[in-house]
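Fold and geometry: a report
The primary structure of each chain is shown beneath.
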Amino acid sequence: MKEIRIHGRGGQGSVTAAELLAVAAFEDGKYSQAFPAFGVERRGAPVTAFTRINDRRIRLRSQIYEPDYIIVQDPTLIEVVDVASGAKPNGKILINTEFSPDTFDLDTEAQVMTIDATRIALDIIGRPIVNTILLGAFAGATGEIRVESIQNAVTERFPGKVGEKNSQAVLEAYQRMEAV
Amino acid sequence: MTGKMTVVEGSYAVAHAVKICRPNVISAYPITPQTHIVEDLSQFMADGEIPNCEYINVESEFSAISTLVGASAVGARTYSSTTSQGLELMHEVLFNVSGMRLPIVMTVANRAVSAPINIWNDHQDSISQRDTGWMQLYAEDPQEAADMTAQAYRVAEDKDIMLPAMVCMDGFILSHVYEPVILLEQELTDEYLPGFEPEHILDPAKPKTFGAFADPSTYTEFRYLQQKGMDAALEKIENAADDFNKIFGRYYGGLIDTYEAEDAEILLFAMGSVVGTIKDVIDRARTEGVKVGLVKVRAFRPFPVEAIRKVVKDASVIVTLDKNISLGLNEGALCTEVKSCLYNTDINIPVIGFLLGHGGRDIPRRNIRMIIDKAKQVIRSGVTIESEYADLRGELI
Amino acid sequence: MKITIGGVVEPGTTRANKTGGWRNFKPLYHKDKCIKCGLCSMLCPDSSVHEQEDKYVIFDFDFCKGCGICANECPKDAIEMVLEEK
């Protein structure tokens, strides 16, 4: 079973990202589960969401304490939340930032990876919405999921032009991370 | 399993199941974490997807359930959903519903009660309605919560039962999780669930009195008959699960379900979503040679006394896990009920209770493991503590 | 008689329960004073004062409990409460 934790801020679409990841994993033929760390939702407040991906039906209902992968949607969270908490030594932490991985001094053995998803979002979508883009980056960085499945999940959830642009941005992020 | 799975939110799976059950009147008041269920139903209504149905907006949960009393009495299939303070606000009317034998089905997205205010999951809300004469069924996952809705209507509307039912699903943990679910199939459901045809209906053309006065000369018999309805529901709940399995190919147990229980020395008892986590822990413990099993209690009312007596008799210790507490007794309801159903029998197995997961406190696998370790100690040296919290933060008190 | 499910009862049960026997006083009608205003009929809590076609009233002693509301409300003192002879 692979466990993913997503850190974001209220309004950044972390819960939607977790959900889309579960939809995409299911399309890949896996069982999946996505849920938020049910807070009292406020825009801007730190938010955590989780996704599990497994070959068998998932029965476990607890939160994720030792994630294989961590996605950080907003680098300013690193100062207020221990985003690397419980990260597996062979795991990966994917941060949305313009800076390089060595900029971040996280207390973890997990591999830190970065992608400027905000830039991609502004260039392609025209708005700084990064949740779907980070899923493309996740697919590229981990190989856990097919990028086509992410794209399908995105266009199904956001029909029309918005979905198309998001899908294009997903692919861009995927290709950049795959090259790393 | 048959059918096509799609990834949906637990609330959607339940709202969809309600739609497929062809309700005639829905009345509910939104409250976290039930909100998504009623939002989805409102959307179905707006899209014209629930034929012959009226969604009545109200200003409180008290009004929602009162509205359904009238609607059910005229012969409508009725639905509501609530949680926590909303359910407690319904309290008075819940007795009227069961006393008038109105088979309303209601989803409870289980949540803690105030004060202190807390929107997260535990079972205190529905357990506090234990004696209102409603059947109470607890679901393990979104699939079961959805399917249980159809099962609940089938049992509730049975002419020998005519009792309301709460389908309890853990708030957030099940209501807000996205996972693959087979949405209830319309054609199969129509085959499984006949239309609601009550013996008595309110009709101005043929007037009758519902909810009449009963003085001391008849009241006792009313209550006795309600209990008889509950007694009869025991078998009907089993039948409803079996018939569901025949038509849909999905089964979650009848009154109870068991997991690795046959040779278990340690037998855990639990209700709701924690059952899934426990199954994972049992698999791990079994690989280490720990003989541990699980009894999942699906029906809390009527309480499956005989089924439990049958299934526990070879265990060395029984361990209950409760997301509720009876303050003043320091026990959860499952603990108390399981103990009481073993008394006056030749079964003499120690029972210990653990309180956990209150107010949404997460239940990681290590907590279940710790509970199993404590149960091992009971086998070795007997009961020292009958009931205690499994996840108390000592540093705060 | 058996209790039905939910205690649903057929209508008209009050007709079987003749409450006339509860009376200590009974209304005595002075038709000559009556102005046919109908107040007594309207206000009777047991629907036991019936207006006739000519608007004068008759009393249904099967159900009149002798409460005296009709006598109290009559603007012309056309109804007098007298002791019931049992």
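Higher on the page you've got the structure.
As a starting point, this report considers the structure included with it.

Criteria and cut-off values
- Residues numbered from 1 in each chain as written.
- Chains lettered and ligands numbered in written order.
- Predicted model: local features only at pLDDT ≥ 70, side-chain atom pairs only at ≥ 80, totals over all residues.
- Heavy atoms only, no water.
- Salt bridge = Lys/Arg side-chain N within 4 Å of Asp/Glu carboxyl O.
- Helix = DSSP H or I, 4+ residues; strand = E, 2+ residues; numbered from the N terminus.
- Buried < 20%, exposed > 50% of the residue type's maximum accessible area, 1.4 Å probe, protein only.
- Contact = heavy atoms within 4.5 Å.
- Buried area = accessible area lost by both parts, 1.4 Å probe.
- Polar contact = N/O pair within 3.5 Å; in protein donor to acceptor, adjacent residues only side chain to side chain.
- Nonpolar A, V, L, I, M, F, W, Y, C, P; charged D, E, K, R; others polar.
- Phe/Tyr/Trp six-rings, centres within 6.5 Å; stacked < 30°, edge-to-face > 60°.
- Lys NZ or Arg CZ within 6 Å of the ring centre and 35° of its normal.

Let's shift gears to the pattern of salt bridges. Residue and element names in this part refer to chain B. Inspection of the entire model under this criterion finds 46 salt bridges over all chains. Close ionic contact of Asp 147 with Arg 250 constitutes a salt bridge, the shortest N to O distance being 2.6 Å. One end of the pair, Asp 147, is in helix α6 (residues 142–156); the other, Arg 250, is in the loop between α8 (219–248) and β9 (256–259), and 103 residues separate them in sequence. Across the pair, Arg 250 and Asp 147 agree in class, each one buried. Connected via shared salt-bridge partners are Glu 140, Glu 144, Lys 279, Lys 296 and Arg 298.

What follows is about the interface of chain A and chain B. Every contact between the two is made by 20 residues of chain A and, on the other side, 29 residues of chain B. When chain A packs against chain B, close to 2,200 Å² is buried across both sides, 56% of that on carbon and sulfur atoms. In this structure, the connection of chain A to chain B is made through 3 salt bridges. Its salt-bridge partner being Arg59(A), residue Asp280(B) comes within 2.9 Å of it at the nearest N-O pair. Here chain A and chain B share 9 residue pairs in polar contact (both at pLDDT 80 or more) between them. Elements with a contribution of two residues or more to the side of chain A that touches chain B: α1 (14–27) and β2 (31–36) of chain A. If you tally residues by element for the side of chain A that touches chain B, the top one is β2(A), at 6 residues. Class assignment for the residues of the side of chain A that touches chain B results in 11 nonpolar, 5 polar and 4 charged.

This part takes up the packing of aromatic side chains. Here the structure, examined in full by the defined rule, presents 10 aromatic pairs over all chains. Plain terms: the ring middles of Tyr29(C) and Phe59(C) are 5.9 Å apart, the flat faces sit at 75° to each other, and that makes the pair edge-to-face. Placement of Tyr29(C) in strand β1 (residues 25–29) and of Phe59(C) in strand β3 (residues 57–59) is noted, with a sequence separation of 30 residues between them. Judged by relative accessible area, which is 13%, Phe59(C) ranks as buried. In this structure an aromatic cluster arises from ring pairing among Tyr138(B), Phe300(B) and Phe303(B). Between the NZ or CZ atom of Arg154(B) and the centre of the ring of Tyr192(B), over which it lies, the distance is 4.5 Å.

In this section: the arrangement of the chains. Take the 2 pairs of chains in contact: the one carrying the most contacts is chains A and B. Note that chain A does not reach chain C: the shortest distance linking a C-alpha of one to a C-alpha of the other is 41 Å.

With that settled, the discussion passes to helix α11 (residues 333–342) of chain B. The buried fraction of α11(B) amounts to 7 of the 10 residues, a majority that puts the element mostly inside the structure. Count one or two residues on from α11(B) and you reach Asn344(B), which has phi positive near 60°.

Purely geometric stuff here, so don't read any function into it on its own.
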